[in-house]
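Here's the letter readout for the chains.
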Amino acid sequence: MATRQHAKATSILKANDYCTTKVSFAQDQNHDAQGALYCSPFLPHTGATVVANLGKLFATAAEHEPTVSQFISTQLIFCDLLTTVQDAAKLMHKHQVSCILIMEHNKVLGIWTEADAKRIDWQLADAYQQPIKKLMTSPVISVEANTPLNQAASLMLQKRIRRLLVIDHQQQPVGILTQSDIVRQQRIEHYLRLKDVGSSISKPPLHISSSMALNLAVKTMQQHNAEAAIVDFGDEMPGIITERDLIKLIAEGNYHAKLSQLAQRPVLTVTKSCSLLQAVDILKEKNFRHIAVTDEQGLICGLLSFSDILINVEYAYVEQLKQALYARDLALRTSADYLRLAHKVIDASLDGIMITNVHGVIESVNPSFTQLTGYTAAEAIGQTPALLSSGLHNKDFYRSLWQVLMEQGHWQGEIWNKRKNGEIYPEWLSITAIRGENGEICQFAAIFSDISERKSQEKKIHQLAYLDELTGLANRRMFLDRLKLALANAQRHQHQMAVLFLDLDLFKRINDTLGHQAGDEVLTEVARRLTATVREGESVARLGGDEFTILLPEIDDISSLDKIARRLVQQFEKPFRLLEQEFVLTTSIGISLFPVDAKTTDQLIKHADVAMYQAKSAGRNQYCFYQEHIGKQTQDELKLEQALRQALQQHNLQVWYQPKVDLASGKVKGLEALVRWQHHQHGFIAPANFIPLAEKLGLITQLSDQVLAQVCRDIRDYQLQMPVAINVSALQLSDPMFNQRLQRNLCQCGITAKCIELELTESCLIPEQADTTMTLLTNLRQQGFRISIDDFGTGYSSLSYLRRLPIDCLKIDRSFVNDLPENDEDAQIALAIIAMARALGLDVIAEGVEHEKQRNFLLEAGCYTGQGYLYQPALPVAELIPYLQQSAQRCSKNGDDTLLLL
């Protein structure tokens, strides 16, 4: 800290040197914007608490609760999000305000204050040109203009803020409310006269050297949370720098100002012994925000601001106000006015009120008592509360009530009473013992309200929470609660229990064809039949959609469970009548047992679900018990599914290539692209394991598209001069965008259609889509694609349909090649395929050629092209290129110099 400098109290400063606010108290009604928006960083949280308490006390002290609109400052300055910091500072400097609101589309999005100027990185060359949206505070906390002042004070305390944006009922800004505004509503001049300046100084001022770089000075102020600082000039008179000076500097666009130039000198000072009222008068006269305070030696020991003054007087002011309010309340309680007010409150209360003497005889009731019970005051007075007894509570209940009331002086709870017309209703009752001056109970006051509506709502909420709205069955939440209780009981008593999971077979057809209303009727009827089938103690629930569960909390043996499941299936033999028609609906049921199949609620439901799907796979309309190996298989499939989705998302699948070879010469005539998957945890995963899963999950199109894109890139990058076959699924072939995606991949890689051969399985050749398939294949063939039928002989293709297709080649499935030539049946099928291909003018290729005897048989039969391990398994492209080069060299030595690879 630099050496404090002496300054005389008579120093005079220009009014506009560092003026940032005008302070007005109760006698000054002209609140200006800068005064309204001013907020001291030195204001502690205890001060905010006092302000909030003041707001609450004002509500008690005033006859009418003051609202925020009475104290706001209405001068508001706005800008948009893209306004530069410099332009915003210009507006603030021009209008002499301490903050600016940022708006867009008539909505306030943020606020920028003088304090925010310290957050700017002053070292940046374009610091002043940053858009205000980067430095604004958002969101802006706001209240409506009609908000009670005590609520606004509480909100400031809760949010730890010093200003609130005030909006009207249309959410438009109308002004700003500060903590200072809240305090200004009371006269406090006499407190200021009694307090000296020293009582408001809580800490020494921040001192910075005039030689310090401006950016470091601002950073120091930011670190010390100071809105002003004393600038030391060595042996010379000190100066002062404030947040308002920074705004002025930004507004002027001065990038090279020095701290010594920016500091204002000399500093206005007062002594510690000076009264706060005198200090306030000086600040108001000079139109300043800060004044330096000197000690007995003339050294600067503090900086005094309006916030410091307000904080100092708040504590004494609140204490005095509390005493005044206490005295006033005491007078009210003992006055006739207060009694009349109490009677008015009682008469206007919507709750029934009944006063009895110490013996329980009713002395008075209010109008709401008559409205709720039906008894007039004349009928009730002189009676006891037994007049209202419903007879639903026994003597022990009332004995406990009176015991608590006499011991604690208060009782409250729910009770059932009876109206004059005999209707029994629930009410919430509070009874308080009233004691006299001697401390003895002299009366009892009972306040009660009819809670019939609340009880009805609670019942509805319970139904929504625990019952299925459509069927009235237990929902998932209630079923789980019951299952937990049943499981705990089974574990305790060591007996078996079971969960049955039911799903309606092909229920979606009813919703799709007859509508959801018909579907709801079916579900309701199913619920009725299931409920009628189970025994007492067994629970039926609807989990959602067409899924139902049945909880059997105790079973003797599996045979009894078998009978129950059979009865449930039989319940669906009777047709369902919908829209004057009869429909037959079946169900599939899965069963899991405790403790054989599972020992937790989640496992019981999960395993029953797995068993249900097993029943569906077995043909539907039946039940199945859980089998562990099926559950494990399902789990493995689920893990594989997640891994496959991740592999597709991260493009982890690889494309390998298997050569197609001339069986006579060994020359490579083409390639087939095969997808391979090397998982980081599970190792190599065979295509036979994940390709069917991809088809089942609808991921085959995404997988095939990735393979196609990689093949096109490899053809381009490695300049492959032979057609590469890729497999096309039935799902791809039915996709109207397939041809477009195919062309896009070719175009992106700059290759032609002759480079690609499309291999279709027989499942693609669906007769129902014959015309569409014929049109697409004809179009592809005309574009130059070579088309072949893969795995020929394994499907059910119509030969009449086949001969009309624009195809080039048939591939003999490996299942017919494996046992050649020993297996006569396979040999005859292979010969038939070759003969048919020759008759149709098609090429023929054999898959899975692994032995010389297979090769020789195929050559003799007229099949001249094959692929398989006899020649080469599938290779990654990096290993494929050397293989093709070696193959080309061998063929060249044998007299065939056809280039296979450039």
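The sections below set out a description of the structure shown in this document. (Residues numbered from 1 in each chain as written. Predicted model: local features only at pLDDT ≥ 70, side-chain atom pairs only at ≥ 80, totals over all residues. Heavy atoms only, no water.)

In terms of regular secondary structure, the protein is built from 31 helices and 34 strands. Taking all 902 residues of the protein together, 49% fall into the buried category. Of all intrachain contacts in the protein linking residues separated by at least 6 positions in sequence, the fraction that spans at least 24 positions is 64%. Looking at the protein as shown, the accessible area adds up to about 45,300 Å², and 50% of this sits on carbon and sulfur atoms. (Helix = DSSP H or I, 4+ residues; strand = E, 2+ residues; numbered from the N terminus. Buried < 20%, exposed > 50% of the residue type's maximum accessible area, 1.4 Å probe, protein only. Contact = heavy atoms within 4.5 Å. Areas by Shrake-Rupley, 256 points an atom, 1.4 Å probe, with all protein chains shown as cover.)

Here we come to the sheet that holds strand β8 (residues 228-232). Strand order in the open sheet formed by three strands is β7-β8-β9, with mixed pairing between adjacent strands. In this open sheet, the two edge strands, each paired with only one partner strand, are β7 (207-209) and β9 (239-242). The mean angle between the axes of side-by-side strands here comes to 40°, regardless of whether they run parallel or antiparallel. Across four bridges, the pairing between β8 and β9 is antiparallel. From the neighbouring strand, Ala 229 faces β9, where its bridge partner is Ile 241. (Pairing = 2+ DSSP bridges. Axes fitted to C-alpha atoms, helices over the stretch in contact; angles between N-to-C directions.)

Further remarks concern the packing of aromatic side chains. The description of an aromatic ring pair uses the distance of the two centres, along with the angle that the planes make with each other. Across all of its chains, the model carries eight aromatic pairs by this definition. Measuring from centroid to centroid gives 5.3 Å for Phe 397 and Tyr 398, while their planes differ by 85°, and the two rings are edge-to-face. For Tyr 398, a relative accessible area of 26% corresponds to the partly exposed category. Measuring from centroid to centroid gives 5.4 Å for Trp 677 and Phe 690, while their planes differ by 90°, and the two rings are edge-to-face. Note that Trp 677 is positioned in strand β26 (residues 668-679) and Phe 690 in helix α23 (residues 687-697), a separation of 13 residues in sequence. Phe 690 matches Trp 677 in its accessibility class, with the two residues each being buried. Positioned over the ring face of Phe 233 is Arg 265, at 3.8 Å from the centre of the ring. Across from the ring centre of Tyr 425, 3.9 Å away, lies the NZ or CZ of Arg 419, which sits over that ring. (Phe/Tyr/Trp six-rings, centres within 6.5 Å; stacked < 30°, edge-to-face > 60°. Lys NZ or Arg CZ within 6 Å of the ring centre and 35° of its normal.)

Scanning the entire structure with this criterion turns up 35 salt bridges. The shortest N-O distance in the salt bridge between Glu 243 and Lys 118 comes to 3.0 Å. In this pair, Glu 243 is assigned in helix α8 (residues 243-252) and Lys 118 in the loop between β3 (107-113) and β4 (142-144), connecting sequence segments 125 residues apart. The exposure class of Glu 243 is buried, given its relative accessible area of 4%. Look at Lys 118 and you get buried, because its relative accessible area is 6%. (Salt bridge = Lys/Arg side-chain N within 4 Å of Asp/Glu carboxyl O.)

What follows is about the nonpolar core. Ranked by internal contacts, the top residues of the largest apolar core, which has 80 residues, are Tyr 657, Leu 671, Trp 677, Val 711, Leu 780 and Leu 810. Grouped together as the second largest cluster of nonpolar side chains are 39 residues, Ile 120, Ile 208, Ala 217 and Ala 251 included. (Core = buried A, V, L, I, M, F, W, Y, C linked by side-chain atoms within 4.5 Å.)

Okay, the side chain of His 290 next. Relative to the elements of secondary structure, His 290 occurs in strand β11 (residues 290-294). At 2.7 Å, the side chain of His 290 and the side chain of Glu 227 are in polar contact. (Polar contact = N/O pair within 3.5 Å; in protein donor to acceptor, adjacent residues only side chain to side chain.)

Next up on the list: the environment of Ile 415. As for its placement among the helices and strands, Ile 415 is situated in strand β15 (residues 410-418). When the C-alpha positions of Ile 415 and Glu 427 are compared, they lie 5.5 Å apart, and in sequence the two are 12 residues distant. Beyond its immediate stretch of four places on either side in the chain, Ile 415 contacts His 393, Phe 397, Tyr 398, Tyr 425, Pro 426, Glu 427 and Leu 429.

Here we take up the state of the cysteines. Applying the stated criterion to the full structure yields zero disulfides. Cysteine Cys 749 shares no disulfide, and the gap to the nearest cysteine sulfur, in Cys 712, comes to 5.1 Å. (Disulfide = S-S within 2.5 Å.)

A word on the packing of helix α3 (residues 85-95) against α8. To describe two helices that pack against each other, one gives the angle between their axes and the distance between the axes. Viewed as axis vectors pointing N to C, α3 and α8 meet at an angle of 120°, and their least axial separation amounts to 7 Å. For the element pair α3 / α8, the angle class is oblique. Remark: the crossing between α3 and α8 carries left-handed chirality. Side by side, α3 and α8 meet where Val 85, Gln 86, Ala 89, Lys 90, Met 92 and His 93 of the first sit next to Ile 247, Lys 248, Ile 250, Ala 251 and Glu 252 of the second. (Parallel < 35°, antiparallel > 145°, perpendicular 65-115°, else oblique. Left-handed = near helix turned anticlockwise from the far one by under 90°.)

Looking now at unusual backbone geometry. Cis peptide bonds are those with omega within 30 degrees of zero, and the linkage from Ser 138 to Pro 139 qualifies with 0°. Relative to the helices and strands, Pro 139 resides in the loop between β3 and β4. Even without being a glycine, Asn 225 presents a positive backbone phi close to 55°. Residue placement: Asn 225 occurs in the loop between α7 (214-223) and β8. We classify Asn 225 as partly exposed; its relative accessible area is 40%.

Time to look at the sheet that holds β4. In any sheet, the strands associate via hydrogen bonds between backbone groups, in a parallel or an antiparallel arrangement. Strand order in the open sheet formed by three strands is β4-β5-β6, with mixed pairing between adjacent strands. Only two strands of the sheet have a single partner each, and these edge strands are β4 and β6 (173-178). Adjacent strand axes in the sheet meet at a mean angle of 35°, parallel and antiparallel pairs treated alike. Bridge count for β4 against strand β5 (residues 163-167) is three bridges, and the pairing is parallel. Each bridged residue has a counterpart across the sheet, and for Glu 144 the counterpart in β5 is Ile 167.

This brings us to the packing of helix α26 (residues 738-749) against helix α27 (residues 770-783). Axis separation between α26 and α27 bottoms out at 11 Å; the angle between their running directions is 15°. Classed by the angle they form, the pair α26 and α27 counts as roughly parallel. Here α26 runs over α27; the crossing is right-handed. Contact residues: α26 offers Phe 738, Asn 739, Leu 742 and Gln 743, while α27 offers Leu 776, Asn 779, Leu 780 and Gln 783. Looking at side-chain class alone, the contact of α26 with α27 contains four nonpolar, four polar and no charged residues. (Nonpolar A, V, L, I, M, F, W, Y, C, P; charged D, E, K, R; others polar.)

Turning our eyes to something else, we now look at the pairing of strand β30 (residues 786-792). Across the seven residues that make up β30, a large majority, five, are buried. Here strand β29 (residues 756-761) pairs with β30 via five bridges, running parallel. Residue pairing across strands places Leu 760 opposite Ile 789, the latter belonging to β30. Where β30 and strand β31 (residues 809-812) come together, three bridges link them in parallel fashion. Bridge pairing in β31 places Ser 788 opposite Cys 809.

Along the chain, Glu 672 turns up in strand β26. Relative accessible area serves as the criterion here: at 4%, Glu 672 is assigned to the buried category. It is 5.5 Å that separates the C-alpha atoms of Glu 672 and Val 724, two residues lying 52 residues apart in sequence. A polar contact of 2.7 Å, which involves the side chain of Glu 672, links it to the side chain of Gln 867.

On to the pairing of strand β32 (residues 843-847). Each regular strand shows side chains that alternate between the opposite faces of the sheet. Most of β32 is tucked away: four of the five residues are buried. With respect to chirality, the unit in which β31 leads through helix α29 (residues 824-839) into the neighbouring parallel β32 is right-handed. As paired elements, β32 and strand β33 (residues 865-867) share three bridges and run parallel to each other. Paired with Ala 846 across the bridge in β33 is Gly 866. Traced from β32 through helix α30 (residues 852-861) to β33, the parallel crossover comes out right-handed. (Right-handed = clockwise from strand over helix to strand, strands pointing away.)

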